[in-house]
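Listed below, chain by chain, are the residues.
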Amino acid sequence: MKNVIFKKALFSLLFLLSFIGFSQNLPLSKEAKISVITCGLGNETYSYFGHTAIRVADPANNIDLVYNYGAFDFSTPNFVMKFAKGDLQYFVVVHPFVDFMNEYTYEKRSVFEQELLISQESKQKLFDNLNTTLLSEDRYYTYKFIDKNCTSMVVDIINKTLGGAVITKKGDTDITYRSILFPYFDGHFYDQLGTSIIFGTKVDQLGTKIFLPFELKNSLEKTTFQKHPLVSTSKTLLNFEKETPKSWWNNIYSYLIILAFIVVVHNKVVDKIYLLIVSFVGIFFVIMGFYSFHHELAMNYNVLLFSPLLLLLLLFSILKNKRWTYRFAVLHLIFLIIYTIFLINKAHFFIVLPMIITSGFVLVRVAIRNKKRIPIII
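In this report, we go over the structure that sits alongside the text. (Residues numbered from 1 in each chain as written. Predicted model: local features only at pLDDT ≥ 70, side-chain atom pairs only at ≥ 80, totals over all residues. Heavy atoms only, no water.)

Here's the deal with the pairing of strand E4 (residues 89–96)
Residues in a regular strand project their side chains so that they alternate between the two faces of the sheet. Our working definition: Exposure is judged per residue with a 1.4 Å probe applied to protein chains only, and the accessible area is read against the type maximum: over 50% gives exposed, under 20% gives buried, and values in between give partly exposed. Think of it this way: any DSSP run of H or I at least four residues long counts as a helix, any run of E at least two long counts as a strand, and we number them from the N terminus. Two strands are counted as paired when DSSP detects at least two bridges linking them.
Judged by how many residues are buried, E4 sits mostly within the fold: 6 of 8 residues are covered. Across 5 bridges, strand E3 (residues 63–71) lies against E4 in antiparallel orientation. Within E4, the residue paired with tyrosine 67 across the bridge is valine 94. Pairing of E4 with strand E6 (residues 140–142) involves 3 bridges; the strand directions are antiparallel. Bridge pairing links glutamine 89 to threonine 142 in E6.

Here it is in structure tokens:
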């Protein structure tokens, strides 16, 4: 959710400065303000959902810093495998506020600030907790898409400071995580399609946890603490309109054209290539479900559409075993019916429906080609 290249370049310097400046607990002045920072959405993968951070500003002590829980290091050995498996270590870093703002100005992303209306004692405790975390092994955490990210970590440390579950989710607790996520991919069609089919049953649970930056921002506006609002009215520090990208290929039209071609061309080779690709996607889903620690990827019912067993259908077809080719075609048509019924109330139903229809056409054609003909006696 944050520009990792920028973080990596500044990490060593900023961490050293933070160690020198805050190795001893520094008393905040009465002018000190601590705020939750919410950053707007971007068009890069890391920025689709925005970002959350904490700002500590104390003019009397010449402090204006942003604590950021969204850092990770590209130089980590086996980075891609660790990210896929779900054991990649994220960590907290601190940025000078001016540098933080310069980056978002460059990226043309909005920034909003909500000052915490808490006592001087609570401000000091939160400041100390932030620095203790920054200078200990606790600065590392294992990233989880829903359960542990830059937003949830901010919620956790504020709640820890205030001595309870003060910040909880307000609104949208009666819809699923999948439904909450779906609109964030507007303008990025294949990202929307990819996440729709790779996520399993966990994202179909009701979204009762705060896991996205603007969920936290909206919840803070409705949160009270000790009989008064927890935060001040949101202040806009930067304001940019999000530009929805336009692409000649990354849109629903290219998707429909490709699938329509497969349906209309009515070609055995094209059908086999389509089923081969679908089966490989299914194998990938199964492997990731067992290999990855990301709970969002487990129990993926989308394998009913992307079935690894389609490889057996193709194998029997190559071996010209019409009986078993027909049986596997019928079996997968049954899978499609079950999948369609199960999917009908899900957020991604309509985006996957064209692929369901295409698979149905292809499987029916395979079944017809391999159905044992009944001789007609005249």
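Once the structure has been displayed, the description carries forward.
Section: the pattern of salt bridges
Think of it this way: side chains of opposite charge can pair up when their charged atoms draw near. The test is simple: For this document, the term salt bridge refers to a Lys or Arg side-chain nitrogen within 4 Å of an Asp or Glu carboxyl oxygen.
Tallied over the full model, the rule gives 10 salt bridges. Across the salt bridge formed by glutamate 113 and arginine 55, the nearest N and O atoms sit 3.0 Å from each other. Here glutamate 113, found in strand E5 (residues 111–115), pairs with arginine 55, found in strand E2 (residues 51–58); they are 58 residues apart in sequence, far enough to count as distant. Looking at glutamate 113, the relative accessible area reads 10%, which means it is buried. On the basis of relative accessible area, arginine 55 is assigned to the buried category, the value being 12%. The salt bridge partner of arginine 109 is glutamate 107, with a shortest N-O separation of 2.9 Å.

Scope: geometric values only; no functional claims are made or implied.
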